[in-house]
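# Residue-level structure breakdown
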Amino acid sequence: VISPGRSLAGTATRSLSAANYTSAQEVTVTVELAPLANEYFNTLEEIVPTGWDLVSPGSASWTPATRTLRWVALGGLVRELSYVVRAPSSGTDPGLFSGQASFDGTTVPVGGTLSLSPRPPGTASRVFPSASGVYHRGKGVQVQLTTTPASGVVVYGVEEILPVGWTASGISDKGMFAGGKV
């Protein structure tokens, strides 16, 4: 008996709880495993990105040597399978997520979000709007700091260290001078 090969299989789609990451941030990864109606033996394997730590495997089995999580899902039900990872404390590279699902023996790559980049840093710039580039002892110098926080940042601080013996006055935006710092 010769049977035609299967041309269709279910899908597996990854989503992440963050749009980008910060140092040592925990991120929940969810994969929706959606078999076709007649697919009863389904598996999912996900590989934790290099440099990232597994915080919680969820209901998966974990093989540290290969950094692989594995689920077995019986029945033709759509399932959301999740795990939690922690970004590296000094990460500057994107976390690359990969995995594959098998639906009754037909293997497909996990789609959806494939990488997570570090959150871009905010910026700060210093301008001396009234200075000619020359400092005159005993004369005040106006300093203007402009900050642009990274996307999603709600609270941030700015610290400016003054040269030894200098003081500051007329500080805007509820800033304060203490210990040689503004």
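Provided above is the structure to which this section pertains.
Here goes a summary of the coordinates provided. (Residues numbered from 1 in each chain as written. Predicted model: local features only at pLDDT ≥ 70, side-chain atom pairs only at ≥ 80, totals over all residues. Heavy atoms only, no water.)

### What to know about the nonpolar core
Core analysis: the largest hydrophobic core is formed by 26 residues, its most contacted members being Leu-33, Leu-44, Trp-52, Tyr-83, Val-85 and Phe-97. Where this core is concerned, the elements lending two or more residues are strand E1 (11–16), strand E2 (26–34), strand E6 (68–74), strand E7 (79–86) and strand E9 (98–103). The leading source of residues in this core is E2, at four residues. If we skip the residues at most four places from it in the chain, Leu-44 touches Val-31, Leu-33, Leu-69, Arg-70, Trp-71, Leu-81, Gln-100, Ala-101 and Val-110. (Core = buried A, V, L, I, M, F, W, Y, C linked by side-chain atoms within 4.5 Å. Buried < 20%, exposed > 50% of the residue type's maximum accessible area, 1.4 Å probe, protein only. Helix = DSSP H or I, 4+ residues; strand = E, 2+ residues; numbered from the N terminus. Contact = heavy atoms within 4.5 Å.)

### Some points on the packing of aromatic side chains
As enumerated under the stated definition, the model contains three aromatic pairs in all. A ring pair is formed by Trp-52 and Phe-97, whose centres lie 5.7 Å apart and whose planes are at 70 degrees; its orientation type is edge-to-face. Within this pair, whereas Trp-52 is found in the loop between strand E3 (41–47) and strand E4 (53–56), its partner Phe-97 is found in the loop between strand E8 (95–96) and E9, the two being separated by 45 residues in sequence. Residues Trp-52 and Phe-97 agree in their burial class; the two are buried. Considering the side-chain rings of Trp-71 and Tyr-83, the 5.9 Å spacing of their centres and the 45 degrees angle between planes classify their relative orientation as tilted. Taken together, the residues span a long stretch of sequence, with Trp-71 in strand E6 and Tyr-83 in strand E7 at a distance of 12 residues. Residues Trp-71 and Tyr-83 agree in their burial class; the two are buried. Members of the aromatic cluster, each reached through a chain of ring pairs, are Tyr-21, Trp-52 and Phe-97. (Phe/Tyr/Trp six-rings, centres within 6.5 Å; stacked < 30°, edge-to-face > 60°.)

### Structural notes on unusual backbone geometry
Even without glycine at this site, Asp-173 takes up a positive phi of about 55 degrees. Considering the arrangement of structural elements, one finds Asp-173 in the segment after strand E14 (144–148). Within the chain, Lys-174 stands out as a residue other than glycine whose phi angle is a positive 65 degrees. Here Lys-174 shows up in the segment after E14.

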